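Now for the letters of each chain:
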Amino acid sequence: MQPPAPLPLPKLHDVPDNGLVRTPPMGWNSWNHFASKVNDPVVRAAADALVSSGLKDAGYLYVNIDDAWEGERDAQGNITTNKKFPDMKALAAYVHSKGLKLGIYSSPGPKTCGGYEGSFGHEEQDAKTYARWGIDYLKYDWCSASALYKDTDLRPVYQKMGDALQATGRPIVYSLCEYGNGDVWNWGASVGGNLWRTTGDIADHWQSLEEIGFRQAAISRYIQPGHWNDPDMLEVGNGGMTKEEYQTHMTLWALLAAPLLAGNDLQHMSRDTLDILTNRDLIAIDQDPAARPVQRTVLQEGKTELWTRQLQDGSLAVALFNRGDQPAPVTVKWSQVGVKAPTTGRNLWTHKDVPLSGNTYTATVVKHGVVILRLPKS
Ligand code: GLA
């Protein structure tokens, strides 16, 4: 089928900041584990599990339905749900009754990535429908729009939905999903975006995590309260990586101030998975209100790295990563990271205070693992 003619592009302007997600959004998204098998009971169960597991108390609030909820359009052009979602308004009410928020998904193209109905030519109408249902978050995925538009059109196309969401009057977090194309970090905030994807899709294995996670530091300076780089959703607990690799995943995302959107089956998760997702010390770094960028130093190309991030209270997060396939010693020289001989630091995975002395600190870091310390203000 021939793609339709592109829509006329709006004149560029700055969409006002919606004031939402002053710290990176936290919650759950259906895609990484359930993909197109998501349905109403799965979403309700995820909401229940967020509460019963303690994830909600740790800050995970958004319950986000990804692709595969969409039905056809009715005679008036209104988007409907497919039979897996009999009543979206009732689902939103259920999620809200738990003190949580509901997210949904669409595309500026005629079809979503999964081949479902997109919002092409129905942007204002769909935004109104979402608001009527009680939706709190929209992930807007480029998908088939790539057949109609060039990368230079990303900004006006995303602006159109940014305006449409704001015109509803309902606070709706706006998540741009364009795989990092068009240097989105330069203009994502101006279309009303609260977060924007900086990469292609993550997968549940070390190569994917390594390729995505270690490439994000250079654009860290584009984050600001309300507007976040999104290196994609978490794979923690999906089974394809070791506990240490998932700890590295969580540590990288926290240092990058990435959205923390769990992507596992919350009803069936191990103690280790829950401990990783609810690590309050790491969550505090992710959510640090100062939103300062991370600094990355490669110590040995492809093997060991040192990352640091200044935090609002004057303390410093220092992470020693080992990307190699054998345990390796990793050394930080305090002069290198601008601190004066600290005497103590907190290890954020063992939750123990570590006595420090001298001009350096060396940890033996396991394969694909990390040691992260928080040093008090010096
Ligand atoms: C794209 C997105 C994913 C997911 C799928 C759904 O690949 O990048 O995050 O939303 O589409 O079809």
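In what follows, the structure referred to is the one given above.
Bear in mind the structure is a predicted one, so any value in this text is a computation, not a measurement.

**What to know about the overall build of the protein chain**
In terms of helices and strands, the protein chain carries 10 helices and 18 strands. Compactness check: the protein chain gives a C-alpha radius of gyration of 21 Å against a globular reference of 21 Å for 378 residues, within 12% of the reference. Seen along its three principal axes, the alpha-carbon backbone of the protein chain occupies a region of about 75 × 45 × 35 Å. Expressed as a percentage of contacts within the protein chain between residues at least 6 apart in sequence, the contacts between residues at least 24 apart total 70%. Element-wise, carbon and sulfur atoms account for 50% of the exposed surface of the protein chain, whose accessible area totals about 15,200 Å². Positive and negative side-chain charges of the protein chain, numbering 37 and 42 respectively, have mean locations separated by a distance of 4 Å.

**Considering the nonpolar core**
Y60, W69, M88, L102 and W307 are the most contacted members of the largest nonpolar core, which has 90 residues in total. Look past the residues within four positions of W69 in its chain and what remains in contact with it is I79, T80, T81, N82, F85, M88, I104, Y105, Y130 and W133.

**Quick notes on the pairing of strand β5 (residues 101-106)**
In terms of residue burial, β5 counts as a mostly covered element, since five of its six residues are buried. With three bridges joining them, strand β2 (residues 62-64) and β5 adopt parallel strand pairing. What sits directly across from Y62, in β5, is K101. Once you follow β5 into helix α5 (residues 123-133) and on to strand β6 (residues 137-141), the crossover reads as right-handed.

**Some thoughts on the environment of P108**
Topologically, P108 is positioned in the loop between β5 and α5. In sequence terms P108 and P231 are 123 residues apart; their C-alpha atoms lie 20 Å from each other. Residues within four places of P108 in sequence aside, it is in contact with F120, E123, Y140, D141, W142, A145 and V157.

**Some details on the packing of aromatic side chains**
Geometrically, a pair of aromatic rings is defined through the distance of the ring centres and the angle of the planes. In total, this model carries 16 aromatic pairs according to the counting rule given. Taking the centre distance of 5.2 Å and the plane angle of 55° together, the rings of Y62 and Y137 count as tilted. With Y62 in strand β2 and Y137 in strand β6, the pair connects residues that are 75 residues apart, well separated along the chain. For the pair Y62 and Y137, one class covers both residues: buried. With a centroid separation of 6.5 Å and an interplanar angle of 20°, the aromatic rings of W334 and Y361 are classed as stacked. Note that W334 is positioned in the loop between β14 (328-333) and β15 (344-347) and Y361 in strand β17 (residues 360-365), a separation of 27 residues in sequence. Each member of the pair W334 and Y361 is classed as buried. A connected cluster of aromatic rings, assembled from ring pairs, spans Y140, W142, Y149, Y158, Y174 and W187.

**As for the sheet that holds strand β16 (residues 352-355)**
Ordered in space as β11-β12-β13-β18-β15-β16, the six strands form an open sheet in which the pairing is antiparallel. Every other strand in the sheet has two partners, leaving β11 (295-300) and β16 as the edge strands with one partner each. Geometrically, the sheet is characterised by an average inter-axis angle of 25° between neighbouring strands, direction not taken into account. Pairing of β15 with strand β18 (residues 370-375) involves two bridges; the strand directions are antiparallel. When the bridges of β18 are listed, R346 appears paired with R374. In the packing of helix α8 (residues 243-255) onto the sheet, the strands contacted are β12 (304-310), β13 (316-322) and β18, and the crossing angle to β13 comes to about 140°.

What counts, and where the lines are drawn
- Each residue is numbered by its place in its chain's sequence as written, counting from 1.
- Thresholds applied to this predicted model are a pLDDT of at least 70 for local features of residues and 80 or more for the giving and counting of side-chain atom pairs; totals over whole chains, interfaces and linings are not thresholded and use all residues.
- In computing side-chain values, all of the structure's heavy atoms are included and hydrogens and water are not.
- Secondary structure elements follow DSSP: runs of H or I no shorter than four residues count as helices, runs of E no shorter than two count as strands, and numbering proceeds from the N terminus.
- Within these notes, the globule rule equals 2.2 Å times the number of residues to the 0.38 power, and the radius of gyration is based on C-alpha atoms.
- In this description, contact between two residues means that some pair of their heavy atoms is separated by no more than 4.5 Å.
- For accessible areas, the Shrake-Rupley method is used with a probe of radius 1.4 Å. Any residue's cover is judged against the shown protein chains and nothing else.
- In this tally Asp and Glu are treated as negative and Lys and Arg as positive; neither His nor the chain ends contributes.
- Charge positions come from single atoms, namely NZ of Lys, CZ of Arg, CG of Asp or CD of Glu.
- Here the nonpolar core consists of buried residues drawn from Ala, Val, Leu, Ile, Met, Phe, Trp, Tyr and Cys, with membership extended through side-chain atoms lying within 4.5 Å.
- Only protein chains enter the accessibility calculation, which uses a 1.4 Å probe; a residue whose area is less than 20% of its type maximum is buried, one above 50% is exposed, and one in between is partly exposed.
- The pairing criterion is simple: DSSP has to find at least two bridges between the two strands.
- By convention, orient the strands away from the viewer: a clockwise path from the first strand over the helix to the second makes the crossover right-handed.
- Think of it this way: a Phe, Tyr or Trp ring, Trp meaning its six-membered ring, pairs with another when their centres are within 6.5 Å, and the plane angle makes it stacked under 30 degrees, edge-to-face over 60, tilted otherwise.
- Whenever a helix is involved, its axis is fitted only over the stretch in contact; in every case the axis is a line through C-alpha atoms, and angles between N-to-C directions fall within 0 to 180 degrees.

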